[in-house]
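Close look at the chain arrangement
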Amino acid sequence: MLSFKNSLLEEWINEVVKLCQPDSIHLCDGSQQEYDILMQEMVDAGMAISLNQEKKPGCFLFRSHPTDVARVENRTFIASKKQEDAGPTNNWVDPIELKATMTKLYSGCMKGRVLYIIPFSMGPIGSPISKIGVEITDSAYVVANMRIMTRIGNEVLALIEEGWEFVKCLHSVGKPLEPGEKDSTWPCAPSIDQKYISHFPEERLIWSYGSGYGGNALLGKKCFALRIACVQAKDEGWLAEHMLILKITDPKGKIAYICGAFPSACGKTNLAMLTPTVPGWKVETIGDDISWMKFGEDGRLYAINAESGFFGVVPGTSMQSNPAAMETIQKNTIYTNVGLTDDGDVWWEGSGIPAPEHLIDWEGNDWTPDCGKTAAHANARFTTPAAQCPVIAPEWEDPAGVPVSAILIGGRRASTIPLVIESFNWEHGIFLGSIMGSETTAAAIGLAAGVRRDPFAMLPFMGYHVGDYLQHWLDIGKAAKDPAKLPSIYMVNWFRKNEEGKFIWPGYGENSRVLKWIVERAEGTGEAVATSIGNLPAPKALDINGLNISENDLEMILHVDKEAWLAEIDSIRENFKSYGEKLPPGLSSQLESLKERLS
Ligand code: OXD
Ligand code: MN
């Protein structure tokens, strides 16, 4: 029996211990020494490889099981008491039934293993915007990653003991060990249908079983900071969002903070660390994935980065695409599923570094450039401390958060959506957020080709009904003391293609040209023209000095394609139908007004 001053914590831990039957228990203090010991144990057990210490000091490589390489959306469940509260975008299971199924799985699941208790804070410890969780896990890999991605240990435990509310996060890799059985290098449940990433929103409870990878297992990230937190945010009047936060400074030293929602794999980390090509402008990073926003006394929305590390996609990260990330990941970084070079360094596709003649690939096999396979898995990841980022803003851990001037929303759209649209007002901005999405191909993810709508890039992360979620965004606008102080909302699209199927906009650092216009709009100097779909940059308002783009291309990405928008309206209406009665009236009236303006 473990004993704590906080009886809720004590009861829950003892219940879990009884159910999961670990061999031993380890309460994480969060120290460097604890981290070093755990890492050494994993190296000794063959689960981790310590990389060449001259080239990559403090760095380790892990290789996951080939069946456990990414978030499993079809095994992710929102088990609200009522099905209608989960809505059409989530997998719902009755919570009583789900708990019965999972209790059987959890029974004895930690035999032969250590049960780690990780008290953690999402956001700076003690900030009025932060929240606390406790993850119980049987994976030392999870402990090590959680120490980078969140703030863990004694200081957080002290707050819980003082009576701070905490979210209960239970995780098991789902592979008990028989007496004497040798552990595998990446234990996980043997089949996909034994994996469960379950959320009980009313109880603020997460149960994850069977996977050791990323968002399935690091429960602070998607499970807590988005799926559970967005329910807390709705109940408490704030916002928990899948957004980067960046700081931008103009040549006169004036500062603005911008949040940005983009679906996974649309370059959020790159945008958060962008090197502007516009002379005199500077971008620094506050966060790259999760923004929690609350109204401050002055009526503005203040954002914190809920995390303390970056869990970024490795392939494609290079000195060209993201020099700041490249510098960040040179030390104290956990690499998962990249190639291991013969001199103990790491390599991946799109690194900008020529492929070595030989390496060991992410599955542990010999690899040569002509072998027909990639060295790194497409979803290989780095876990790296945000504090190491060369462009991290000094105020990134300010407990008060940073005041947000603008919110960007954007997906991957080859046509229709211009480079940037400024919303007319909050409600119109929420409408744009509700219709954002990316084109899919039937081949890629088994969906019908078309636009997959991904409201505010939260589709896989909404802990409740999408209609209620969008209504909450509308309500936040109504709750504002001074609507003029609300951030302006901008839809952006870096992914427009021409007739030959080539990207028109160069992206990366050149996106600073769009950021510049947005900041100038906030300052009242940037010029716009009102169109039927929103305000677009006036001719010459977008700074294209030194950019190699033809008149024709520029015209194409800044024009309203009426035919395409009329077709878009039909597709949006189809999507809105799936919300049923919970479609916010504010959004249907936005759709009707758009149609009127177009005709
Ligand atoms: C992520 C994701 O890992 O969005 O951040 O999938
Ligand atoms: Mn993300």
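First, a word on scope: everything that follows refers to the structure included in this document.

What counts as what
Residues numbered from 1 in each chain as written. Chains lettered and ligands numbered in written order. Predicted model: local features only at pLDDT ≥ 70, side-chain atom pairs only at ≥ 80, totals over all residues. Heavy atoms only, no water. Helix = DSSP H or I, 4+ residues; strand = E, 2+ residues; numbered from the N terminus. Rg over C-alpha atoms; globule rule 2.2 N^0.38 Å. Buried < 20%, exposed > 50% of the residue type's maximum accessible area, 1.4 Å probe, protein only. Contact = heavy atoms within 4.5 Å. Areas by Shrake-Rupley, 256 points an atom, 1.4 Å probe, with all protein chains shown as cover. Near = heavy atom within 4 Å. Polar contact = N/O pair within 3.5 Å; in protein donor to acceptor, adjacent residues only side chain to side chain. Nonpolar A, V, L, I, M, F, W, Y, C, P; charged D, E, K, R; others polar. Disulfide = S-S within 2.5 Å. Core = buried A, V, L, I, M, F, W, Y, C linked by side-chain atoms within 4.5 Å. Salt bridge = Lys/Arg side-chain N within 4 Å of Asp/Glu carboxyl O. Donors = N, O, S within 2.8 Å, 3.2 Å for Na, K, Ca; no water. Expected span 1.5 Å × (residues − 1). Arc of directions from axis to C-beta. Axes fitted to C-alpha atoms, helices over the stretch in contact; angles between N-to-C directions. Left-handed = near helix turned anticlockwise from the far one by under 90°. Phe/Tyr/Trp six-rings, centres within 6.5 Å; stacked < 30°, edge-to-face > 60°. Lys NZ or Arg CZ within 6 Å of the ring centre and 35° of its normal.

Some details on the overall build of the chain
- On a plain count of helices and strands, the chain comes out with 16 helices and 30 strands.
- For the chain, the C-alpha radius of gyration of 24 Å lies close to 25 Å, the compact-globule estimate for 599 residues.
- On the principal axes, the C-alpha backbone points of the chain span a range of 70 × 55 × 45 Å.
- Within the chain, buried positions represent 58% of all 599 residues.
- Expressed as a percentage of contacts within the chain between residues at least 6 apart in sequence, the contacts between residues at least 24 apart total 73%.
- Of the roughly 23500 Å² of accessible surface on the chain, 52% is carried by carbon and sulfur atoms.

Considerations on the site of ligand 1
- Near ligand 1 the following residues occur: Arg-71, Lys-221, Lys-222, His-242, Ser-264, Asp-289, Arg-381 and Phe-461.
- At 3.2 Å from an oxygen atom of ligand 1 is found a side-chain nitrogen or oxygen belonging to Asp-289.
- Within the contact set of ligand 1, an oxygen atom lies 3.0 Å away from a side-chain nitrogen or oxygen of Arg-381.
- Each residue belonging to the shell around ligand 1 can be placed in one class, and the counts come to one nonpolar, two polar and five charged.

Considerations on the state of the cysteines
- What the rule picks out here adds up to zero disulfides.
- Here Cys-109 stays free of any disulfide, with the sulfur of Cys-20 as its closest cysteine sulfur at 3.9 Å.
- Residue Cys-169 stays outside any disulfide, its sulfur separated by 7.7 Å from that of Cys-223, the closest cysteine.
- Overall, Cys-169 belongs to the buried group, its relative accessible area being 0%.

Concerning the side chain of Asn-322
- Assignment of secondary structure puts Asn-322 in the loop between β17 (309-313) and α9 (323-328).
- You can call Asn-322 buried: its relative accessible area is 1%.
- Polar contacts involving the side chain of Asn-322 include one to the main-chain amide nitrogen of Ala-325, which spans 2.9 Å.
- Each residue touching Asn-322, except ones within four places of it in the same chain, is listed here: Thr-269, Asn-270, Met-273 and Thr-317.

Overview of the nonpolar core
- Core analysis: the largest hydrophobic core is formed by 125 residues, its most contacted members being Trp-292 and Tyr-335.
- Considering every element that reaches this core, the biggest residue donor is helix α7 (residues 220-236), with nine residues.
- If you look at the next biggest cluster of nonpolar residues, it comprises 37 residues, including Ala-256, Val-283, Met-556 and Leu-558.

Section: the pattern of salt bridges
- In this structure the tally under the stated criterion is 33 salt bridges.
- Linking Lys-131 and Glu-165 is a salt bridge whose minimum nitrogen-to-oxygen distance equals 3.9 Å. On the criterion of sequence distance, the pair formed by Lys-131 in strand β6 (residues 131-137) and Glu-165 in the loop between α5 (154-161) and β8 (166-172) is long-range, its members being 34 residues apart.
- Across the pair Lys-247 and Glu-395 runs a salt bridge, and its minimum N-O distance is 3.1 Å. Of the two residues, Lys-247 sits in strand β12 (residues 243-249) while Glu-395 sits in the loop between β23 (381-385) and β24 (402-410), which places them 148 residues apart along the sequence.
- For Glu-395, a relative accessible area of 17% translates into the label buried.
- Overlapping salt bridges, with partners in common, bring together Lys-221, Lys-222, Lys-268, Asp-289 and Glu-307 in one network.

Observations regarding the coordination of the manganese ion (ligand 2)
- Distances from the manganese ion (ligand 2) to its protein donors, namely Lys-222 (NZ), His-242 (NE2) and Asp-289 (OD), fall within the range 2.2 Å.
- Along the chain, the residues donating to the manganese ion (ligand 2) are arranged with the sequence spacing K-x19-H-x46-D. A residue pair is termed long-range when its members are at least 10 positions apart, and Lys-222 in helix α7 and His-242 in the loop between β11 (239-241) and β12 qualify at 20 residues.
- Assessed through its relative accessible area of 6%, Lys-222 is described here as buried.

Here we look at helix α3 (residues 95-106)
- Between the first and last C-alpha of α3 there are 15 Å, a value that for twelve residues agrees with the 16 Å anticipated at 1.5 Å per step.
- Here α3 has its buried residues at Pro-95, Leu-98, Met-102 and Tyr-106. The buried residues of α3 all sit within an arc of 65° when viewed along its axis, so they share a single face. Turned more than 90 degrees away from the buried face of α3 sit Ile-96 and Lys-104, all of them exposed.
- Of the surrounding secondary structure, the elements contacted by the buried residues of α3 are α1 (7-20), β4 (76-78), β8, β9 (196-200) and β10 (205-209).
- Looking one or two residues beyond α3, the residue adopting positive phi is Gly-108, at roughly 75°.

So, the environment of Ala-325
- Locating Ala-325 in the fold gives a position in helix α9.
- Ala-325 sits 66 residues away from Val-391 along the chain, and the two C-alpha atoms are 9.1 Å apart.
- Each residue touching Ala-325, except ones within four places of it in the same chain, is listed here: Met-273, Thr-317 and Phe-382.

What to know about the packing of helix α2 (residues 32-44) against helix α4 (residues 140-149)
- Remark: α2 packs on α4, axes separated minimally by 10 Å, with the N-to-C direction vectors making an angle of 145°. Read as a crossing pair, α2 and α4 show a hand that is left-handed. In contact with Gln-32, Tyr-35, Leu-38, Met-39 and Met-42 of α2, α4 contributes Ala-140, Tyr-141, Val-143, Ala-144, Arg-147 and Ile-148.

Observations regarding unusual backbone geometry
- With phi around 50°, Gln-21 is a residue other than glycine that occupies positive phi space.
- Along the chain, Gln-21 falls in the loop between α1 and β1 (24-27).
- A positive phi angle, close to 70°, is found at Asn-337, a residue other than glycine.
- Of note, Asn-337 is situated in the loop between β18 (334-336) and β19 (339-341).
- Taking the relative accessible area as the measure of exposure, Asn-337 reaches 0% and is therefore buried.

A short note on the packing of aromatic side chains
- For the coordinates displayed, the defined rule picks out 22 aromatic pairs.
- Taking 6.3 Å as the distance between ring centres and 70° as the angle between the ring planes, the aromatic pair formed by Phe-456 and Tyr-469 counts as edge-to-face. With Phe-456 in the loop between β27 (450-453) and α12 (466-479) and Tyr-469 in helix α12, the pair connects residues that are 13 residues apart, well separated along the chain. Residue Phe-456 shares its accessibility class with Tyr-469, and that shared class is buried.
- Among the aromatic residues, those joined into a cluster by ring pairs are Trp-426, Phe-456, Tyr-464, Tyr-469 and Trp-473.
- Against the face of Phe-200 rests Lys-99, its NZ or CZ located 5.0 Å from the ring centre.

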